[in-house]
Amino acid sequence: MANSTDATVPNLTEELLDEYADLGESLKARIPCTEWNFHVPWIHAIRELKRKRNAVIMAHNYQAPEIFHTVADFTGDSLALAQEAANVDADIVVLAGVHFMAESAKILAPDRMILIPDVEAGCSLASSITAAEVRELRRRHPGVPVVTYVNTSAEVKAESDACCTSANALQVVEAMGTDRVIFIPDRYLGANVAKQTSVELILWEGACEVHERFTANQVNNVRIQFQAKVVAHPECPPDVTSAADFVGSTSAMSAWLKREQPSRVALITECSMADNLRVEFPEIDFVKPCNLCPHMQRITLPGIHRSLRDLTSEVHVPADVARRARYALERMLAIGRGEKV
Ligand code: 13P
Ligand code: SF4
């Protein structure tokens, strides 16, 4: 088992299994024994490489449990990862998530080496809009500020007045202090924010390929069939969020579970979210539906190991783009701290 041709990955031995027995036990609700035996050598090798290279791993809440619960040093939603990137104290950061998250980390921590295990880990929202299209929107709506969801490229952020995440979109929109805001690129997040504010939002046609597939019918069925509470991500269409008991970012979802302690819940979001929370909340029943994000799923333990071993793939952002994108990201962080911007 494991990679006998790679000197940095040990073979599976009884000794190694014993070393990780407690961790395996705590995860057995999500990772069956057969799979665990395959993961252990990679987990061990990654932990060794992290020490050797003074590296940390930041993992988004949608990362698979064998990554999220075993090798990650920081976990959270997009906002928490951006905040952590701004303060990180390590030579290398491996971003276990999608490309825009790694770019945000590079913009906020320019002196660190930022690695992403798979450069193809994209996002349908990030690919829905270009910097030229943002400039054209500004031309059509002169003087209207642009609030940009972090699920975008550095070039698009660089054209923006402020960034936001799903955790603070309403707060950032209202902090612009205008009657109208151009809100890009997620039309569903925008529509969900518009329900809560008197600010008029000019929207773009982007959507998350994972969340746009959920329907209000699914939400109503799961409630009747399983008598479950329903928690939805604000990237879902508005009829889905209207039918849910709670709507929030990935971290807000777990805070809601902690607070409300429902006996049964459906998380209308990416499937790994429930997989990770099952470990934290063993007394709660998690029921479907959920959808997988093909981009998040590109990140694997062998991929993280290769990234740390070979220092691939490093994320670079051109200096001028980084400077302007950093302004938009830092403005979001300042609004979150309650500063006048
Ligand atoms: P969060 O900011 O809620 O973590 O969401 C990021 C994301 O990509 C959801 O699809
Ligand atoms: Fe992008 Fe949707 Fe995947 Fe999140 S879940 S990374 S928004 S495609």
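Higher on the page you've got the structure.
Residue positions are counted from 1 within each chain, in the order its sequence is given. Going through the entries in the order they are written, you letter the chains from A and number the ligands from 1. Only residues with pLDDT of 70 or above have their local features reported here, since the model is predicted, and side-chain atom pairs are shown and tallied only from 80 upward, although totals for entire chains, interfaces and linings are computed over all residues. Side-chain measures here rest on the full set of heavy atoms in the structure, leaving out hydrogens and waters.

Chemist: Explain the sheet that holds strand β2 (residues 74–76) to me, please; I cannot follow it from the model alone.
Modeler: The strands making up a sheet are joined through hydrogen bonds of the backbone, oriented either antiparallel or parallel. The strand order across the open sheet formed by four strands is β2-β1-β3-β4, and the pairing between neighbours is parallel. Unpaired on one side and paired on the other, β2 and β4 (113–115) mark the two borders of the sheet. On average, each strand axis in the sheet is inclined to that of its neighbour by 20 degrees, with strand direction left out of account. In this analysis, two residues are considered to be in contact whenever any of their non-hydrogen atoms come within 4.5 Å of each other. Axis definition: a line fitted to C-alpha atoms, limited for helices to the stretch in contact. Angles are taken between N-to-C directions and run from 0 to 180 degrees. In this text, helices come from DSSP runs of H or I with a minimum length of four residues, and strands from runs of E with a minimum of two, each type numbered from the N-terminal end. Here helix α15 (residues 301–310) sits on the sheet in contact with β1 (55–60), β3 (92–96) and β4, set at roughly 160 degrees to β3. Following DSSP output, two strands are said to pair if at least two bridges run between them.

Chemist: Would you take a moment to explain the environment of S78 for this structure?
Modeler: Mapped onto the secondary structure, S78 falls in helix α5 (residues 78–87). On the basis of relative accessible area, S78 is assigned to the buried category, the value being 16%. Measuring from C-alpha to C-alpha, the distance between S78 and E19 comes to 32 Å, with 59 residues separating the pair along the chain. In this structure, S78 is in contact with H60, F100, M101, V150 and T165, ignoring residues within four places of it in sequence. The cut-offs for exposure are 20% and 50% of the maximum accessible area for each residue type, with area from a 1.4 Å probe on protein chains only; residues under the lower value are buried, those over the upper are exposed, and the others partly exposed.

Chemist: In this structure, what is going on with the state of the cysteines? I would like to understand it.
Modeler: By definition, a disulfide links the sulfur atoms of two cysteine residues through a covalent bond. Here, the term disulfide refers to a pair of cysteine sulfur atoms separated by no more than 2.5 Å. According to the stated counting rule, one finds one disulfide in the structure shown. Paired through a disulfide, C271 and C290 show a sulfur-sulfur distance of 2.2 Å. Sign of the S-S torsion, about 100 degrees for the bond between C271 and C290, identifies this disulfide as right-handed. Here the residue C271 occupies a position in helix α14 (residues 271–280), and C290 occupies one in the loop between β12 (285–287) and α15, the gap between them amounting to 19 residues. Judged by its relative accessible area of 12%, C271 is buried. Not engaged in a disulfide, the cysteine C236 finds its nearest cysteine sulfur in C208; these two sulfurs lie 8.0 Å apart.

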